[in-house]
Amino acid sequence: MGFFDFMTEDIAIDLGTANTLIIHNDKVVIDSPSIVARDRISGKIIAVGKEANLMQGKTHENIKTIRPLKDGVIADFDASEKMISMFIKSIPALKKRLFTPALRMVVCIPSGITEVEMRAVKESCERVNGKEVYLIHEPMAAAIGIGVDIMQPKGNMIVDIGGGTTEIAVIALGGIVCDKSVKIAGDVFTNDIVYYMRTQHNLFVGESTAEKIKIEIGAAIEDLETPPDDMSVQGRDLLTGKPKQVEVSYREIAKALDKSIQRIEDAVMETLSQTPPELAADIYNTGIYLAGGGSMLRGLDKRISQKTDLPVYIAEDPLRAVVRGTGMALKNLTKFRSILIK
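An unreviewed UniProt entry annotates the protein chain as Cell shape-determining protein MreB originating from Flavobacterium arsenatis. Its UniProt record, at the heading Subunit (unreviewed entry), says of the protein chain: "Forms polymers." As stated in UniProt under Sequence similarities (unreviewed entry), the record for the protein chain gives "Belongs to the FtsA/MreB family."

Laid out in structure tokens, this is it:
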């Protein structure tokens, strides 16, 4: 095995709808938007990640920006494979190697994923030289990343709000007891904001701008203790066709997102109602853990807490909780063998 070990590199990947993160040697080496830009004529990928992200919504007819993942699953097989391969090739430590090393990978997948979608992820990884590919369910990875000891006979509830899906799971004894995966997450929030700006302000804004609004002043409740300042938003006036600017407050965004957040709350409530009583007792004591980018929405923890009457905790560095957990699973393959899908 010795020589083969020397040739093999371990990487952990969180292949997200919005962002892809890769851990190599216990460090996050890639943290980039999951987006590629393709030249229409030659079919070549001209940019990936942050570079391609800057092009979004600003392309001419010869360039197309593609987000290869939709709702947490691979929608464009070819683009996703190229994207993964370009990310792996740009890992600094692997650049020095003469030829691409064989890779041992752990990749995380949404819990509500079908067999076919699962195989798509696996095949994508095998094509970029993944010799051993393990899959791990996202809520599981998030729990490990948050620092929950998932092997204990104790219930923990994880709510992971990503870009494409929100994963809600109750975890005990190294397994998922009940889970729910809803397709309402960051992308839907962004679209809600686009729609709101359009209907309330007659302002047409692009997705990148809407996302910026979400990050700068996004909120889940209308009375925050430390409110962010109002934000000036530029876009196109739908009536005159001229570019214009309006001021937007966090209260408006809370209004815009209200319906979608309600649906996430309902999913949380439903999962709680399916939880076995012994685990419900545990959750009463441990509370709910939030992970993923969506958990950074101001006041969301408070709102879920009011709805469920449970304490709600946000993971530290919630954007990286899942990839951290995936990396830990990779490091302790033997310990976590039971929760990985081969």
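1. Remarks on the packing of aromatic side chains
By the definition in use, this model includes 1 aromatic pair. Ring geometry for Tyr289 against Tyr313: centres 5.7 Å apart, planes inclined by 35°, an arrangement best described as tilted. Of this pair, Tyr289 sits in strand β17 (residues 288-291) while Tyr313 sits in strand β18 (residues 312-314), and the two are 24 residues apart along the sequence. Here the basic side chain of Arg198 rests over the ring of Phe204, its NZ or CZ set 4.8 Å away from the ring centre. The positively charged end of Lys342 is found above the aromatic ring belonging to Tyr134, 4.8 Å away from the centroid.

2. Observations regarding the sheet that holds strand β5 (residues 45-48)
Here we have 3 strands laid out as an open sheet, ordered β5-β4-β6, and antiparallel in their pairing. The open sheet has two free edges, formed respectively by β5 and β6 (63-66), since each of these has just one partner strand. Averaged over all adjacent pairs, the angle separating strand axes in this sheet is 20°, with direction ignored. Two elements, strand β4 (residues 36-39) and β6, share 4 bridges in a ladder whose sense is antiparallel. Each bridged residue has a counterpart across the sheet, and for Arg38 the counterpart in β6 is Lys64.

3. Things to note about the side chain of Asp160
By the secondary structure assignment, Asp160 is in strand β11 (residues 156-161). In this structure, Asp160 is buried with no salt-bridge partner, the nearest side chain bearing the opposite charge being Arg324 at 11 Å. When near neighbours in sequence (up to four residues on either side) are disregarded, Asp160 contacts Glu138, Thr165, Thr166, Glu167, Ala291, Gly292 and Val322.

4. What to know about the UniProt feature "binding site: ATP" (unreviewed entry) in the protein chain
UniProt's entry tags Thr17, Ala18, Asn19, Gly163, Gly164, Thr165, Glu211, Lys212, Ile213 and Lys214 with the feature "binding site: ATP" (unreviewed entry), counted in the numbering of this structure. Within the secondary structure layout, Asn19 lies in strand β2 (residues 19-24). For Asn19, a relative accessible area of 29% corresponds to the partly exposed category. Ignoring anything within four residues of it in the chain, the contact list for Asn19 reads Asp14, Ser32, Pro33 and Ser34. In this fold, Gly163 is placed in the loop between β11 and β12 (166-172).

5. Topic: the nonpolar core
Membership of the largest hydrophobic core comes to 46 residues, with the highest contact counts inside it found for Phe189, Met197, Ile213, Val233 and Ile288. Among the elements that line this core, the one with the most residues is helix α9 (residues 250-274), at 9 residues. In this view, Ile288 contacts Met157, Val159, Val268, Ile304, Thr308, Leu310, Pro311, Val312 and Tyr313; residues no more than four positions away in its chain are not counted. Ranked by size, the runner-up nonpolar core spans 31 residues in total, among them Leu69, Val73, Leu94 and Val107.

6. Let's talk about unusual backbone geometry
Here the phi dihedral of Asp26 falls at roughly 65°; this positive angle occurs in a residue that is not glycine. Checked against the element boundaries, Asp26 lands in the loop between β2 and β3 (27-33). Overall, Asp26 belongs to the exposed group, its relative accessible area being 55%. The residue Asp71 is not glycine, and still its phi comes out positive at about 50°. Position of Asp71 relative to the elements: it lies in the loop between β7 (69-70) and β8 (73-74). For Asp71, a relative accessible area of 24% corresponds to the partly exposed category.

Rules behind the numbers
- Residues numbered from 1 in each chain as written.
- Predicted model: local features only at pLDDT ≥ 70, side-chain atom pairs only at ≥ 80, totals over all residues.
- Heavy atoms only, no water.
- UniProt positions renumbered as here; feature names shortened; annotations may be inferred.
- Phe/Tyr/Trp six-rings, centres within 6.5 Å; stacked < 30°, edge-to-face > 60°.
- Helix = DSSP H or I, 4+ residues; strand = E, 2+ residues; numbered from the N terminus.
- Lys NZ or Arg CZ within 6 Å of the ring centre and 35° of its normal.
- Pairing = 2+ DSSP bridges.
- Axes fitted to C-alpha atoms, helices over the stretch in contact; angles between N-to-C directions.
- Buried < 20%, exposed > 50% of the residue type's maximum accessible area, 1.4 Å probe, protein only.
- Lys, Arg positive; Asp, Glu negative; His and termini not counted.
- Salt bridge = Lys/Arg side-chain N within 4 Å of Asp/Glu carboxyl O.
- Contact = heavy atoms within 4.5 Å.
- Core = buried A, V, L, I, M, F, W, Y, C linked by side-chain atoms within 4.5 Å.

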